[in-house]
Number of protein chains: 2
Amino acid sequence: MRISELSEATGVSIATLKYYLREGLVPPGRQTAPNQADYGDEHVHRVRLVRVLREVGDLPVEAIREVVTAIEDPERSRHAVVGTAHRALDREVDDGPSAEREEVDAWLDEELRWHVGPDAPGRDQLALALASLRRLGREVGPEAFARYARVAAELATEEVASVTDAGSAAAAVEAAVVGTVVYESVLVALRRLAQEHVSATN
Amino acid sequence: MRISELSEATGVSIATLKYYLREGLVPPGRQTAPNQADYGDEHVHRVRLVRVLREVGDLPVEAIREVVTAIEDPERSRHAVVGTAHRALDREVDDGPSAEREEVDAWLDEELRWHVGPDAPGRDQLALALASLRRLGREVGPEAFARYARVAAELATEEVASVTDAGSAAAAVEAAVVGTVVYESVLVALRRLAQEHVSATN
């Protein structure tokens, strides 16, 4: 199909499609004339994925490029591909305060015994949250997060199963990305709605 | 205390404190000389709250101003104050696609029977998530979110109880803000760590 048809099929404007192509987020079509290219179903699919990452995940272009590079690399193992995709989705986080970071590390590694990389940004994010609570006069330790850890582990178990079930490496990456980005947005939205609901009925 | 002592007590630079004062995020001190003011414990506390909202919540200045205006208004009922604070924390969300929005509304209002305002941004956020999943070829309805709704309701019940337990209206607002902003960041961080953990052990 031509670029105008790709635009119709995906609901993405031609100008935006050209931007995706220029930035390498969507692979080039098959050249059919000096100024014309032919696109296929794989382009439709890719454009939709990029759109979701932009709209729902609010991801910067560089992060999306890393995700699609991981999808396209046939050399990488499937586990490595999913890992790369996950890392690309991580937010920029400042270093957490060091005292709290040590407490968070001890809690994650020794108490929960979770297998997570020493440089996972979530560690700093938790340390910052802990320092913030203390700054506001709450005398809490990382155990205050235990309830959230239980819920997170429960959700992750089902989410990761859906990634493992996916056929190809590309499908696995897409499943991981969708699981992380789209369902994070679902969880955050529902938590706020639930707070409003519970406040209203109490 | 002087502004230099307020800076020491809070770890916030004098330049940033002056910015907070200028923007009305922190109330002015008691004037003691033409170019000097005296600050008290309530200023320390407010500066710390503003810092948490900036650092953890990444909230724009206008949203923080709405929160502190709600705290300072003695006319508002406590329920209204908490509602205002919640609304100020809501993210800007584009209108969700209308077909999905109707499905989400029916699910929230008739199936879950949640009491949430018709203009709560979470509704559009869910509609966008649903449309995104479909665009990627997943044939799902809002029921796909049921597991997340159950978890969100469970967490909200405990979170709202901590707000209700708070003494003054200002304390209630602060508890609501902390519950929403800080624990949202905790939940998101733990969910990503849990995904990494579960992936590594599967």
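Residues numbered from 1 in each chain as written. Chains lettered and ligands numbered in written order. Predicted model: local features only at pLDDT ≥ 70, side-chain atom pairs only at ≥ 80, totals over all residues. Heavy atoms only, no water.

This brings us to the side chain of R135 of chain B. Along the chain, R135 of chain B turns up in helix α7 (residues 121-135). R135 of chain B gets classed as buried once you look at its relative accessible area, which sits at 18%. Apart from residues lying up to four places away in sequence, R135 of chain B is in contact with R48, R51, V52 and E55 of chain A. (Helix = DSSP H or I, 4+ residues; strand = E, 2+ residues; numbered from the N terminus. Buried < 20%, exposed > 50% of the residue type's maximum accessible area, 1.4 Å probe, protein only. Contact = heavy atoms within 4.5 Å.)

With that settled, the discussion passes to the packing of helix α3 (residues 41-55) of chain A against α7 of chain B. At a minimum axis separation of 9 Å, α3 of chain A and α7 of chain B run at an interaxial angle of 165 degrees. Judged on the interaxial angle alone, α7 of chain B and α3 of chain A are roughly antiparallel. For α3 of chain A against α7 of chain B, the interelement crossing comes out left-handed. Taking contact as the criterion, the partners of R48, R51, V52 and E55 of chain A in α3 of chain A are, on α7 of chain B, L128, S132 and R135 of chain B. Partitioned by chemical class, the residues of the contact of α3 of chain A with α7 of chain B number two nonpolar, one polar and four charged. (Axes fitted to C-alpha atoms, helices over the stretch in contact; angles between N-to-C directions. Parallel < 35°, antiparallel > 145°, perpendicular 65-115°, else oblique. Left-handed = near helix turned anticlockwise from the far one by under 90°. Nonpolar A, V, L, I, M, F, W, Y, C, P; charged D, E, K, R; others polar.)

With that settled, consider the side chain of T10 of chain B. All names here are of chain B. Topologically, T10 is positioned in helix α1 (residues 3-10). Judged by relative accessible area, which is 5%, T10 ranks as buried. Sequence-distant contacts of T10, that is, excluding residues within four places in its chain, are made with L17, V44, V47, R48 and R51.

Burial of nonpolar side chains together is a common tendency in soluble globular proteins. Grouped together as the largest cluster of nonpolar side chains are 116 residues, with contacts concentrated most on L126, F145 and L190 of chain A together with L126, F145 and L190 of chain B. Setting aside chain neighbours within four positions, we find L190 of chain B in contact with W107, L108, W114, L126, F145, Y148, A149 and A152 of chain A. (Core = buried A, V, L, I, M, F, W, Y, C linked by side-chain atoms within 4.5 Å.)

Opposite charge on two side chains lets them pair, provided their charged atoms get close. Under the defined criterion, the tally for this structure stands at 28 salt bridges over all chains. A salt bridge links R135 of chain B to E55 of chain A; the shortest N-O distance between them is 3.6 Å. Pair noted here: R135 of chain B is in helix α7 and E55 of chain A is in helix α3, and the two residues belong to different chains. Salt bridges here are not isolated pairs; linked through shared partners, they connect R101, D105, D109, R123 and D124 of chain A. (Salt bridge = Lys/Arg side-chain N within 4 Å of Asp/Glu carboxyl O.)

Moving on: the packing of α3 of chain A against helix α4 (residues 61-72) of chain A. All names here are of chain A. Orientation of α3 relative to α4, taken along the N-to-C sense of each, is 145 degrees, at an axis distance of 10 Å. The hand of the α3/α4 crossing is right-handed. Contacts between α3 and α4 involve R46, L49, V50, L53 and R54 from the former and V61, I64, V67, V68, I71 and E72 from the latter. Grouping the constituent residues of the contact of α3 with α4 by class yields eight nonpolar, no polar and three charged.

Another point: the interface of chain A and chain B. Taken together, the 74 residues of chain A in the interface contact 74 residues of chain B. For R191 of chain A, the salt bridge identified is with E184 of chain B, shortest N-O distance 3.9 Å. Broken down by secondary-structure element, the contributors of at least two residues to the side of chain A that touches chain B are α3, α5 (78-89), α6 (98-112), α7 (121-135), α8 (146-165) and α9 (169-201) of chain A. Top contributing element to the side of chain A that touches chain B by residue count: α9 of chain A, with 25 residues. Residues that form the side of chain A that touches chain B fall into these classes: 37 nonpolar, 17 polar and 20 charged.

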